[in-house]
4 protein chains.
Amino acid sequence: MNRRRLEEFCDAVFAVTITLLALNLAVAGPGHGPLMHQVADHWPSFVTYLISFATIGLIWVNHHALILNVAVVDRTLALLNLVLLLFVVLIPVDTATVAKYLALGGQDARVAVILYAAAFLGMGLSFAGIFEWTLRSGRLPQPLPERARWMARLRFGAASILYLAAVAVAFVSPPVALAIIGAVPVYYIFEHLPTVGSPAGGRQ
Amino acid sequence: MNRRRLEEFCDAVFAVTITLLALNLAVAGPGHGPLMHQVADHWPSFVTYLISFATIGLIWVNHHALILNVAVVDRTLALLNLVLLLFVVLIPVDTATVAKYLALGGQDARVAVILYAAAFLGMGLSFAGIFEWTLRSGRLPQPLPERARWMARLRFGAASILYLAAVAVAFVSPPVALAIIGAVPVYYIFEHLPTVGSPAGGRQ
Amino acid sequence: MNRRRLEEFCDAVFAVTITLLALNLAVAGPGHGPLMHQVADHWPSFVTYLISFATIGLIWVNHHALILNVAVVDRTLALLNLVLLLFVVLIPVDTATVAKYLALGGQDARVAVILYAAAFLGMGLSFAGIFEWTLRSGRLPQPLPERARWMARLRFGAASILYLAAVAVAFVSPPVALAIIGAVPVYYIFEHLPTVGSPAGGRQ
Amino acid sequence: MNRRRLEEFCDAVFAVTITLLALNLAVAGPGHGPLMHQVADHWPSFVTYLISFATIGLIWVNHHALILNVAVVDRTLALLNLVLLLFVVLIPVDTATVAKYLALGGQDARVAVILYAAAFLGMGLSFAGIFEWTLRSGRLPQPLPERARWMARLRFGAASILYLAAVAVAFVSPPVALAIIGAVPVYYIFEHLPTVGSPAGGRQ
């Protein structure tokens, strides 16, 4: 397997996904009331757009740092990446569903946010799976010390645990669940994955 | 012809295709009954999404291993790849058609699955055609021994034969035909194409 | 300017364009008559899909051979490529318009095919413009002999002249105009652009 | 962080964005009056298509020259690029909104053009932010002389100031605001960003 081609394929999927995200912001057009009102009523689309864009953007940055550290890119890693992408490409559709139902509240809003949180949970677990795979002997140029492994696991685990919490909270309060999902990328913006990202950080 | 550019072009098409696949999962939105029911009635979309995603994902992995082994990338190989992509890009649309008609059953479901299986058959035959091309003298760094060629042909042939069977079975039972189509990527996940993939497997 | 990035950007546009082309093949879905009839009535979509796919595919192959020969990739070349892409991305929409109106015949069919032919004409002229730019001194590793230049100009000119003819013919007979447009990629499949493509043909 | 992967990701987003732009040119199809009239009434779509395509195309060219000059590609630069892309992917949707409302005039046309100009303003400011980041010590192979920095800042500032003006003017005259937005890429076509672009201009 070729590192460049694996990265390019994943990057293309990430890129198309964030571009499709924006299409959810389209307004119905003339004959659906003043544009100003259409845009104002559209606020859930903007909120979910920001959350989904930030999350996929951060997944891209972290995926990058993770793969850059891998010594051997093989078929298994390619398959693990396909599982990650299986969930990533669901995000534009789930984002649109939340945008359509959030403001309506009730059971439909709960279902929409649960689906949304579940897609992120699947993405988080797939990413953690790729990380676990990189820890196997010979996958990293120099093996991570045990303590660093556990800190990194905690970091990745944090995201999956938060997404799991979001799924549970969504049964009670979709907006709070959404706030939890939105907090994850904010956390990763300030989280530099030192054990994984930094050594790769300055690499050209 | 430049190997990188051929790979990038095919990867971009594969990437856009799997991302578009997920758009078939979009629900109709408010005013079409409870979201839970809309999602439940949507099961054919989820089944066909998984089948199509897994198939394109595996085609990507195998395409990768195949091209990585080619010594000379020329205009003919580029044209053969365009034939492969001609069928690959049909998959999101054919997937959507199956998703719309499968649950309705009857003649329409049969036609939908036949179209779907036919697209995969075209993809399988194009891929086998690229493989045949690589067997010509000078296309691989070291020519494959005759026996390895036949084993590889059998492997690729297996997929096309299964897709051909799916086309035939679809006239009788669309669900069974779908099960056959879904079995192909599962087979390739555990099939490492040793004669083609493995030498390339660890390459950087 | 960086050759790789110019190629990647153009390839991504070509790739997304051919993938979007296939979306024109989507059927209306349940409630619009037997699927078999919907597909049969859809024949203009299939014909125009094949023509557009083949044309963009060949443009990709020839663009590749052309850029591979360029010694210096600069801002001007990037701008010329943007002009080419300005027409390339129009093709999915113009293809859909022809598919919708061709079978209806009359004035609308004429207008649809004229728009379609005009997009290809713009693409052909832009491509010829890029080729002319490469002929300027220092743009190719070794300058083309005068005779080779004229032969190449004739080759590229042929496409633009055929597209111009298609625009004119479309006023009288849209199907004949379509046949002319469809003949161009067939011509380029057997046309190896020796003076430009071949030296690059075997390059890695 | 890896320069290639950052460039590829941004290029893929730029490429998908300009390809989606063209989809705004689709006509309603049969049953909506003569095609000729549909196309004629579609003029705002063509005007905004040209403006948006030219702007994203130029952003791509300048982004290219800017990143090519950066000595160190790190996580911060990746995040800054994500902010740029956050606005870039909004353009197809905002372009469609202007196309739908411009001809109607009135308050809706004003709102549509304000949203459109605001997206470009966000894009311009993000791009200026990336440029400012490159000026920090060690980010460029050789630091820019103070005077060159200010000239470059003026250049980038020019775009953002024009977009800010367009937002203001849109409250009074949407068409004039659109003319201002359309003038920016024309300016950058003849503007070679010597202090940033030229040294990179001929690089391979």
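Before reading on, note that the structure itself is shown above.
These numbers were taken from a predicted model, which means no experiment stands behind them. (Residues numbered from 1 in each chain as written. Chains lettered and ligands numbered in written order. Predicted model: local features only at pLDDT ≥ 70, side-chain atom pairs only at ≥ 80, totals over all residues. Heavy atoms only, no water.)

Observations concerning the overall build of chain A
If you tally the helices and strands in chain A, you get nine helices and zero strands. Across chain A, helices and strands are ordered from the amino to the carboxyl terminus as α-α-α-α-α-α-α-α-α. What you see for chain A is a C-alpha radius of gyration of 18 Å, in line with the 17 Å of a compact globule of 204 residues. In terms of overall dimensions, chain A has a C-alpha envelope of 60 × 35 × 25 Å along the principal axes. Counting the 204 residues in chain A, one finds 63% classified as buried. Computed over 13 positive and 10 negative side-chain charges, the separation of the two mean positions in chain A equals 8 Å. (Helix = DSSP H or I, 4+ residues; strand = E, 2+ residues; numbered from the N terminus. Rg over C-alpha atoms; globule rule 2.2 N^0.38 Å. Buried < 20%, exposed > 50% of the residue type's maximum accessible area, 1.4 Å probe, protein only. Lys, Arg positive; Asp, Glu negative; His and termini not counted. Charge placed at Lys NZ, Arg CZ, Asp CG, Glu CD.)

Observations concerning the interface of chain A and chain D
Across the boundary between the two partners, chain A contributes 45 residues, which contact 35 residues of chain D. Between chain A and chain D lies a buried interface of about 3400 Å² when both sides are counted; carbon and sulfur atoms form 68% of it. Two residues, A:Asp11 and D:Arg5, come together in a salt bridge whose shortest N-O distance is 2.7 Å. When contributions to the side of chain A that touches chain D are tallied by element, the ones reaching two or more residues are α1 (3-23), α2 (35-41), α3 (43-69), α8 (174-189) and α9 (197-201) of chain A. (Contact = heavy atoms within 4.5 Å. Buried area = accessible area lost by both parts, 1.4 Å probe. Salt bridge = Lys/Arg side-chain N within 4 Å of Asp/Glu carboxyl O.)

Re the relation of the copies chain D and chain C
When chain D is fitted onto chain C, the two copies agree to an RMSD of 0.0 Å after a turn of 90° and an axial shift of 0.0 Å. Taken together, the rotation and translation describe the operation of a four-fold axis. When the interface residues of chain D are mapped onto chain C, a mere 7% of them again fall at the interface, so the copies present different faces. (Least-squares fit on C-alpha atoms with pLDDT ≥ 70 in both.)

Here we look at the interface of chain D and chain C
Of the residues lining the interface, 45 residues belong to chain D; the matching set on chain C comes to 35 residues. Regarding the contact of chain D and chain C, the summed buried area is about 3400 Å², with carbon and sulfur atoms giving 68% of it. There are three salt bridges connecting chain D and chain C. Between D:Glu7 and C:Arg5 there is a salt bridge; the shortest N-O distance is 4.0 Å. Linking chain D with chain C are 11 residue pairs in polar contact (both at pLDDT 80 or more), by the criterion used here. (Polar contact = N/O pair within 3.5 Å; in protein donor to acceptor, adjacent residues only side chain to side chain.)

Things to note about the nonpolar core
In terms of nonpolar packing, the biggest core is built from 293 residues, with A:Phe14, B:Phe14, C:Phe14 and D:Phe14 touching the most fellow members. B:Phe14 has contacts with A:Arg5, A:Phe9, B:Ile56, B:Ile59, B:Trp60, B:His63, B:Leu84, B:Leu85 and B:Val88, leaving out every residue within four places of it along the chain. Ranked by size, the runner-up nonpolar core spans eight residues in total, among them A:Leu20, B:Val16, B:Leu20 and C:Val16. (Core = buried A, V, L, I, M, F, W, Y, C linked by side-chain atoms within 4.5 Å.)

What about helix α6 (residues 106-135) of chain B?
Here α6(B) spans 44 Å end to end across 30 residues, near enough to the 44 Å set by a 1.5 Å rise per residue. For α6(B), a buried count of 21 out of 30 residues is recorded, marking the element as mostly surrounded by other parts of the structure. (Expected span 1.5 Å × (residues − 1).)

Observations regarding the packing of aromatic side chains
Residue and element names in this part refer to chain A. Under the definition given, this model contains 20 aromatic pairs over all chains. Ring centres 4.8 Å apart and planes at 80° place the aromatic pair Tyr 116 and Phe 120 in the edge-to-face group. With Tyr 116 and Phe 120 both in helix α6 (residues 106-135), this residue pair falls four residues apart, about one helical turn. A single burial state applies to Tyr 116 and to Phe 120, both of which are buried. In textbook terms, an aromatic cluster arises when at least three aromatic residues are bridged by ring pairs, as seen for Tyr 116, Phe 120 and Tyr 163. A cation over an aromatic ring shows up here: Arg 153 above the ring of Trp 150, its NZ or CZ 4.4 Å from the ring centre. (Phe/Tyr/Trp six-rings, centres within 6.5 Å; stacked < 30°, edge-to-face > 60°. Lys NZ or Arg CZ within 6 Å of the ring centre and 35° of its normal.)

A few points about a nonpolar patch on the surface
All names here are of chain C. Nonpolar side chains collect at one region of the surface, where Val 186, Ile 189 and Phe 190 lie side by side and expose about 300 Å² of accessible area between them. You can see Ile 189 is positioned in helix α8 (residues 174-190). Judged by relative accessible area, Ile 189 falls into the partly exposed class, the value being 30%. (Patch = residues over 30% accessible without salt bridge, like charges linked within 9 Å, V, L, I, M, F, W, Y side chains within 5 Å. Areas by Shrake-Rupley, 256 points an atom, 1.4 Å probe, with all protein chains shown as cover.)

Here's the deal with the relation of the copies chain A and chain D
For the pair chain A and chain D, the relating rotation is 90°, the translation along its axis is 0.0 Å, and the fit reaches an RMSD of 0.0 Å. Of the residues that chain A buries at the interface, just 7% are likewise interface residues in chain D, meaning the two copies contact each other through different surfaces.

As for the packing of helix α7 (residues 146-170) of chain B against helix α8 (residues 174-190) of chain B
Residues and elements named next belong to chain B. Following both chains from N to C, one finds α7 and α8 inclined at 165°, their axes separated by 7 Å at the closest point. For the element pair α7 / α8, the angle class is roughly antiparallel. Helix-helix and strand crossings are classified by hand; for α7 and α8 the assignment is left-handed. Contacts between α7 and α8 involve Arg 155, Phe 156, Ala 159, Leu 162, Tyr 163, Ala 166, Val 169 and Ala 170 on the former and, on the latter, Pro 174, Val 176, Ala 177, Ile 180, Ile 181, Val 184, Tyr 187 and Tyr 188. Residue classes in the contact of α7 with α8 are distributed as 15 nonpolar, no polar and one charged. (Axes fitted to C-alpha atoms, helices over the stretch in contact; angles between N-to-C directions. Parallel < 35°, antiparallel > 145°, perpendicular 65-115°, else oblique. Left-handed = near helix turned anticlockwise from the far one by under 90°. Nonpolar A, V, L, I, M, F, W, Y, C, P; charged D, E, K, R; others polar.)

Quick word on the environment of C:Val176
Residues and elements named next belong to chain C. With respect to the element layout, Val 176 can be found in helix α8. You can call Val 176 partly exposed: its relative accessible area is 43%. When the C-alpha atoms of Val 176 and Ala 166 are compared, they prove to be 7.9 Å apart, with 10 residues separating the residues in sequence.

The values are spatial; any link to function lies outside them.
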